[in-house]
Amino acid sequence: MNNKTDKIEFISEIGLNHNGSFNLAKKLIKQSKEIKCDFVKFQIRNIKEMYHPYFLKNFSNSENANQYIYNEIKKTNINKSKYIKLFKFAKKINLKVMITPFDLKSLDLCKRKEVDAIKIGSPDFNNLQLIIKALKFKKPLFISTGMATDNEINIMKSFLKKYNTYNVQITIFHCVSSYPPNEDEMNIRYISNLVKKFPDYRIGYSGHERGFLPSLISIFFGSKVIERHITLDKKSKGPDHNASLVKTEFRE
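To start, this report covers the structure provided alongside it. For clarity, every value in this text was computed on a predicted model and none was experimentally measured.

Criteria and thresholds
- Residues numbered from 1 in each chain as written.
- Predicted model: local features only at pLDDT ≥ 70, side-chain atom pairs only at ≥ 80, totals over all residues.
- Heavy atoms only, no water.
- Helix = DSSP H or I, 4+ residues; strand = E, 2+ residues; numbered from the N terminus.
- Buried < 20%, exposed > 50% of the residue type's maximum accessible area, 1.4 Å probe, protein only.
- Areas by Shrake-Rupley, 256 points an atom, 1.4 Å probe, with all protein chains shown as cover.
- Phe/Tyr/Trp six-rings, centres within 6.5 Å; stacked < 30°, edge-to-face > 60°.
- Lys NZ or Arg CZ within 6 Å of the ring centre and 35° of its normal.
- Pairing = 2+ DSSP bridges.
- Axes fitted to C-alpha atoms, helices over the stretch in contact; angles between N-to-C directions.
- Contact = heavy atoms within 4.5 Å.
- 1 Å grid on protein atoms, 1.4 Å probe; cavity = no way out; pocket = protein on both sides within 12 Å on 5 of 7 lines; lining within 4 Å.
- Points joined across faces, edges and corners; volume = space filled by probe spheres on them.
- Nonpolar A, V, L, I, M, F, W, Y, C, P; charged D, E, K, R; others polar.
- Left-handed = near helix turned anticlockwise from the far one by under 90°.
- Core = buried A, V, L, I, M, F, W, Y, C linked by side-chain atoms within 4.5 Å.
- Expected span 1.5 Å × (residues − 1).
- Arc of directions from axis to C-beta.
- Salt bridge = Lys/Arg side-chain N within 4 Å of Asp/Glu carboxyl O.

Points about the overall build of the protein chain
Phase 1 of the analysis: Counting secondary structure elements, the protein chain contains 11 helices and eight strands.
Phase 2 of the analysis: Residues classed as buried in the protein chain amount to 51% of the 252 residues present.
Phase 3 of the analysis: As displayed, the protein chain offers around 12900 Å² of accessible surface, 49% of which is attributable to carbon and sulfur atoms.

Below, the structure written as structure tokens:
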């Protein structure tokens, strides 16, 4: 799909903001529908696949940052059967379902008929093994560029030209991997560079800023898809709440 369309799609990113609660996740899905988002997105992780056995056995000796992320992932984990129920609920109310898998085992969940699209998060921008396997599912693929250099993005362009043999619909996101970023970090104008680099793909903006003005400005530079985190309370404990939007902001 090319970038020449007037329609702007919106992705409601639940991520870890369900805090491990099935009912809270369901409520966020309902709110995403009320806002009239196109997609609702979940993050799926398999802890044993993501972390080396040494780390899990020697957890107390690991870096503080790794401990924090590990604790958050473990605390907010929802089992596979409950995720499938959430997918089915989203489909029932006519929301498309997107998954960000963080490992090959989690990617297998994307085979399900309830899953409409796959998102490759910024930490896996260079995870070519994951991307090649995702392309084989022949579902729309969304790729975030947070932390990637201009040269790495050029390499990705060549990589996709070679490996997207199924002509999968691809969207490239401009993204800044700060939660939330400072204004001088956002570089929204870079979206126009992505539009030139990827003329046959859609370009989007995955934002983590406070408020939503940069998200709106991204449209001026060529963004056709906007992804934002949704939360019930920006003061809740967790890595993403303070960089999220509550329903009233998201609707606006």
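That shown, we press on.
Observations regarding the packing of aromatic side chains
Phase 1 of the analysis: Within this structure, the stated rule accounts for eight aromatic pairs.
Phase 2 of the analysis: For the pair Phe159 and Tyr163, a centre-to-centre distance of 4.7 Å together with 35° between the ring planes defines the contact as tilted. With Phe159 and Tyr163 both in helix H8 (residues 150-163) and four residues apart, the pair spans about one turn of that helix.
Phase 3 of the analysis: Centre to centre, the rings of Phe220 and Phe221 are 5.1 Å apart; their planes meet at 85°, and the pair counts as edge-to-face.
Phase 4 of the analysis: One residue, Lys26, lies across the ring of Phe89, its end atom 4.8 Å from the ring centre.
Phase 5 of the analysis: It is Arg45 that lies over the ring of Phe102; its NZ or CZ is 3.9 Å from the centre.

Observations regarding the sheet that holds strand S5 (residues 141-144)
Phase 1 of the analysis: The eight strands lie next to each other as S1-S2-S3-S4-S5-S6-S7-S8, forming a closed barrel whose pairing is parallel. When strand polarity is set aside, the average angle formed by the axes of neighbouring strands in this sheet is 25°.
Phase 2 of the analysis: Of the strands in this sheet, strand S6 (170-175) and strand S7 (202-207) are in contact with helix H9 (residues 190-197), which crosses S6 at around 155°.

Some points on the layout of surface pockets
It is the rolling of a water-molecule-sized probe over the atoms that shows where space remains empty.
Phase 1 of the analysis: The calculated volume of the second largest pocket comes to roughly 290 Å³.
Phase 2 of the analysis: Taken together, 13 residues line the second largest pocket, and the ones lying closest to its centre are Ile44, Arg45, Asn46, Lys80 and Ser106.
Phase 3 of the analysis: Mapped onto the lining of the second largest pocket, the elements with two or more residues apiece are helix H5 (80-92) and helix H6 (104-107).
Phase 4 of the analysis: Of the residues that constitute the lining of the second largest pocket, the class distribution is five nonpolar, four polar and four charged.

Remarks on the pairing of strand S8 (residues 225-229)
Phase 1 of the analysis: Here S8 lies mainly inside the structure; five of its five residues are buried.
Phase 2 of the analysis: Every second residue of S8 is oriented toward a common face, with Val225, Glu227 and His229 on one face and Ile226 and Arg228 on the other, all of them buried.
Phase 3 of the analysis: Summarising the sheet, strand S1 (residues 9-13) and S8 pair through five bridges and their orientation is parallel. Counted as the bridge partner of Phe10 is Ile226 from S8.
Phase 4 of the analysis: Looking at chain direction, S7 and S8 are connected through four bridges and run parallel. Bridge pairing links Ser206 to Glu227 in S8.

Structural notes on the packing of helix H7 (residues 128-135) against H8
Phase 1 of the analysis: Packing of H7 against H8 brings their axes to within 11 Å, and their N-to-C directions diverge by 35°. Of the two possible hands of crossing, H7 and H8 adopt the one that is right-handed. Across the interface between the two elements, Leu128, Ile131, Ile132 and Leu135 from H7 touch Met156, Phe159, Leu160 and Tyr163 from H8.
Phase 2 of the analysis: Here the residues of the contact of H7 with H8 are counted per class, giving eight nonpolar, no polar and no charged.

Here's the deal with the side chain of Thr145
Phase 1 of the analysis: Positionally, Thr145 belongs in the loop between S5 and H8.
Phase 2 of the analysis: Leave out the neighbours within four places in its chain, and Thr145 touches Ser122, Phe125, Ile153, Ile172, Phe173, His174 and Cys175.

Concerning the nonpolar core
Phase 1 of the analysis: Residues Ile29, Phe42, Phe87, Leu141, Leu160 and Ile172 are the most contacted members of the largest nonpolar core, which totals 53 residues.
Phase 2 of the analysis: A per-element tally of this core places H5 first, with six residues.
Phase 3 of the analysis: Once you skip the residues sitting within four places of it in the chain, Ile29 turns out to touch Ile14, Val40, Phe42, Leu86, Phe89, Ala90, Ile93 and Leu95.
Phase 4 of the analysis: One finds Phe39, Met98, Ala117 and Phe142 within the second-largest nonpolar core, a separate group that totals seven residues.

Overview of H8
Phase 1 of the analysis: Compared with the 20 Å implied by 1.5 Å per residue over 14 residues, the 20 Å span of H8 between its first and last C-alpha is a close match.
Phase 2 of the analysis: Considered for burial, the residues of H8 that qualify are Ile153, Met156, Phe159 and Leu160. Across the axial projection of H8, the buried residues extend over an arc of 115°, all falling on one side. Exposed residues pointing more than 90 degrees away from the buried face of H8 are listed as Asn151, Ile155, Lys161 and Lys162.
Phase 3 of the analysis: Each element contacted by the buried residues of H8 is listed here: H7, S5, S6 and H9.

Overview of the pattern of salt bridges
Phase 1 of the analysis: Counted by the stated rule, this structure contains 14 salt bridges.
Phase 2 of the analysis: Note that Arg202 is salt-bridged to Glu9, the shortest N-O span being 2.6 Å. With Arg202 in strand S7 and Glu9 in strand S1, this residue pair connects regions lying 193 residues apart in the sequence. Each member of the pair, Arg202 as well as Glu9, carries the same accessibility label: buried.
Phase 3 of the analysis: In this structure, Glu13 and Lys41 form a salt bridge, with 2.5 Å as the shortest nitrogen-oxygen distance. Within this pair, whereas Glu13 is found in strand S1, its partner Lys41 is found in strand S2 (residues 39-44), the two being separated by 28 residues in sequence.

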